[in-house]
Amino acid sequence: MIDINIQKELHGSLGKMHLKVNVHIRQGEFIALMGESGSGKTTLLRVLAGLVQSEGEVRVEGISWKHLPVQQREIGFVFQDYALFDNMSVEENLLFVNDDKALACELLEMTALTALKARNVTGLSGGQQQRVALCRAMMKRPKLLLMDEPLSALGEQMRKSIQEEIKTLHERFSMTTIMVSHNASEVFTLASRVLVLNQGDIIQDGVPKVVLQSRSMQSVEVLALTQNAEKTIATLSQYGELLEVEVDAKTQVGDKINIEIKAEQI
Amino acid sequence: MDFSPFWLSFKLAGLTTLILFIIALPLAWWLSQTHSKSKPFIEAMTALPIVLPPSVLGFYLLVVLSPNSALGGFFEDVFGLKLVFSFTGLVVASCFYSLPFMVQPLQSGFEGLNKHMLEASYLAGKNKIQTVLRVALPNMKPSLLTALIITFAHTVGEFGVVLMIGGSIPEETKVASVAIYEMVELMEYGKAHIYSGIMLLMSFLVLLSVYIFNHKQKTKIGLV
């Protein structure tokens, strides 16, 4: 059980705000953390990892992590930009965390990286680098795996393939996981619970289907318009996907329109 | 032909580079990581030798290190170390004179590193020293090499400060640059040409090696 009860003042995209999070997470849960940019998602992950300070405390299995330095927290962290050690090979990146060759071999096998283990990480593709980052985060056998938009820089096919690997790793190691994501299909595939942050507050907490369905009626800005003699098509961005919907001919770019998305359509 | 001034110059430059690397590494790391209000003050202090005339720096060092001063007197009485007109004094003076040439490239190298990479090292359980030695330094080789080579080359080439602090004692403080100055004064232009030619060639080769290495590193990581 992980109890998070933290407060922190932030300077978000809309000015000063307070991050206030009070949640209980069960062992082995896979949490998707959603919300607009600047709502405090990354800061929450960084507070949990001990990379930034906050008020309040985080308790893991009843033990307070308040004064525990980052080095001693049983955390695996996957950064959005991978943050691999460029001076090391794939295998060295893993063994730097924990000199457990058997575990490194198992992880590399599970993520189809065995053939690349001696290669320097700078020569790998984005998808391969992301796999290495994922394996490296698992080398501590963490109690809590934190992932900050781990798949956002990847193409659709690679994203699906790594989603499967994340799922396999989660089933194999049963670590509690919190993943920041904007992608609804990713959330459906991986998460057992969704938390939605807005301006530092958790405004929704539930299973993916219910949360995404309740968020289905939304006011969304029109990014672009395509017009022909018969209809006007607006391009919108929601859940990290570009959507196209037919709108009234009087609609202009920048207007807000209400859309409804059904969970099964996502 | 007496080559002892060259040997003395290289011994001085080698020792200065080694001492400065040990001193400047934690200082440059601190400067790169801190948000302290004292940072600009420390940076300005560190950079002073770049803009100060060597005679000004030499004068103040002479005042502070002379046996008549508290510091110079203390070193002479307690450790038997003479800090002016001695090789030890030259090393101390050179450490002040070449400090910015070691600190600035290291600081800029640390600042250019991906912050997340350093955090990944902390998350891997490594402390700051392990992170600097195993992650930071190997990922900023061009800055590291620039700091070491430029400090070495700059110390080999220093003149004003060493003349004021060391004078020109053969095989003790008479480094190559001072020897050239004396030859010109004595109108021994032939010898001065040979000494100057050697210095010119070596300085060029040192700088060329730095630029070739840095170019190769940038090619390796795809910046060129």
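Quick caveat: nothing in here was measured; it's all calculated off a predicted structure.

Calculation rules
Numbering of residues starts from 1 in each chain and follows the order in which that chain's sequence is written. Chain letters and ligand numbers both follow the written order, the letters beginning at A and the numbers at 1. Restriction of local features to residues with pLDDT of at least 70 applies here, the model being predicted, together with a cutoff of 80 or more for giving and counting side-chain atom pairs; totals for whole chains, interfaces and linings are based on all residues. Helix and strand assignments come from DSSP, with helices taken as H or I runs of at least 4 residues and strands as E runs of at least 2, each series counted from the N terminus. Radius of gyration here uses only the C-alpha atoms, and the compact-globule reference equals 2.2 Å multiplied by the residue count raised to the power 0.38. Counting other C-beta atoms within 10 Å of a residue's own tells you its class, since 20 or more makes it buried, 12 or fewer makes it exposed, and anything in between is partly exposed; those C-beta atoms are placed from the backbone. Once C-beta atoms are placed from the backbone, any two residues with those atoms within 7 Å are in contact. Charged means Asp, Glu, Lys or Arg here, nonpolar means Ala, Val, Leu, Ile, Met, Phe, Trp, Tyr, Cys or Pro, and polar covers whatever is left, Gly included. By the convention used here, strands pair only if DSSP detects at least 2 bridges between them. The source of the domain bounds is an automatic or database domain assignment. Confidence scores per residue from the predictor, reported as pLDDT, run from 0 to 100. By convention the nonpolar core is taken to be a set of buried residues drawn from Ala, Val, Leu, Ile, Met, Phe, Trp, Tyr and Cys and joined through C-beta atoms within 7 Å. Here the arc refers to the set of directions running from the helix axis out to each C-beta atom.

A separate point is the overall build of chain A. For chain A, the helix and strand inventory stands at seven helices and 15 strands. Here the C-alpha atoms of chain A give a radius of gyration of 20 Å, agreeing with the 18 Å that 2.2 N^0.38 yields for 266 residues. With the C-alpha coordinates aligned to their principal axes, the bounding extent of chain A is approximately 65 × 45 × 30 Å. Looking at chain A residue by residue over its 266 residues, the buried ones come to 37%.

Most peptide bonds are trans, and most residues other than glycine sit at a negative phi. Residue and element names in this part refer to chain A. Unlike most non-glycine residues, Tyr82 shows phi in positive territory, near 70 degrees. For Tyr82, the location among the structural elements is in the loop between β6 (75-78) and α2 (90-97). The backbone of Ser174 sits at a positive phi, close to 50 degrees, despite the residue not being glycine. Relative to the assigned elements, Ser174 resides in the loop between α5 (156-173) and β8 (176-180).

The interface is formed by 15 residues belonging to chain B together with 15 residues belonging to chain A. Here the element with the most residues in the side of chain B that touches chain A is helix α6 (residues 115-123) of chain B; it accounts for six residues. In the side of chain B that touches chain A, the residues fall into eight nonpolar, five polar and two charged.

Take the pairing of β8 of chain A next. Residue and element names in this part refer to chain A. The buried fraction of β8 is high, at five of five residues. Here β8 shows a buried face lined by Thr176, Ile178 and Val180 and a second buried face lined by Thr177 and Met179. Sheet topology places strand β3 (residues 30-35) next to β8; four bridges connect them, and they run parallel. Considered in β8, the bridge of Phe30 is made with Thr177. Bridge analysis of strand β7 (residues 144-148) against β8 gives five bridges, and the strand direction is parallel.

Turning next to the domain arrangement of chain A. Interface size is commonly expressed as the accessible area that is lost once the parts come together. For chain A, the domain assignment lists domain 1 (2-214) and domain 2 (217-265). Computed from C-alpha atoms alone, the centre-to-centre distance between domain 1 of chain A and domain 2 of chain A is 32 Å.

Moving on, we get to the pairing of strand β4 (residues 55-60) of chain A. All names here are of chain A. Two elements, β4 and strand β5 (residues 63-64), share two bridges in a ladder whose sense is antiparallel. In the strand pairing of β5, Val60 is matched with Ile63. Where β4 folds back onto β5 in an antiparallel hairpin, the turn is made up of two residues, including Glu61, whose phi is positive at roughly 50 degrees.

This part covers the confidence of the model for chain A. For chain A, the average pLDDT comes to 87, and 93% of its residues sit at 70 or higher. The element-level mean pLDDT for chain A is lowest in strand β11 (residues 217-221) of chain A, coming to 67, with α2 of chain A highest at 97.

This paragraph deals with the environment of Ser32 of chain B. All names here are of chain B. Mapped onto the elements, Ser32 comes out in helix α1 (residues 4-33). Counting along the chain gives 72 residues from Ser32 to Gln104, while the straight-line C-alpha distance between them is 9.9 Å. Once you skip the residues sitting within four places of it in the chain, Ser32 turns out to touch Gln107, Phe110 and Glu111.

Grouped together as the largest cluster of nonpolar side chains are 113 residues, with contacts concentrated most on Ala32, Leu33, Cys135 and Leu146 of chain A together with Ala93 of chain B. Counting residues per element, this core draws most heavily on helix α5 (residues 87-111) of chain B, at twelve residues.

All names here are of chain A. Every buried residue belonging to helix α3 (residues 101-110) is among Ala104, Leu107 and Leu108, and all of these are buried. The buried residues of α3 occupy an angular sector of 100 degrees when the element is viewed end-on, so they sit on one face. α3 presents Ala102 and Glu109 as exposed residues on the side facing more than 90 degrees away from its buried surface. Elements that come into contact with the buried residues of α3 comprise α2 and α4 (126-138).

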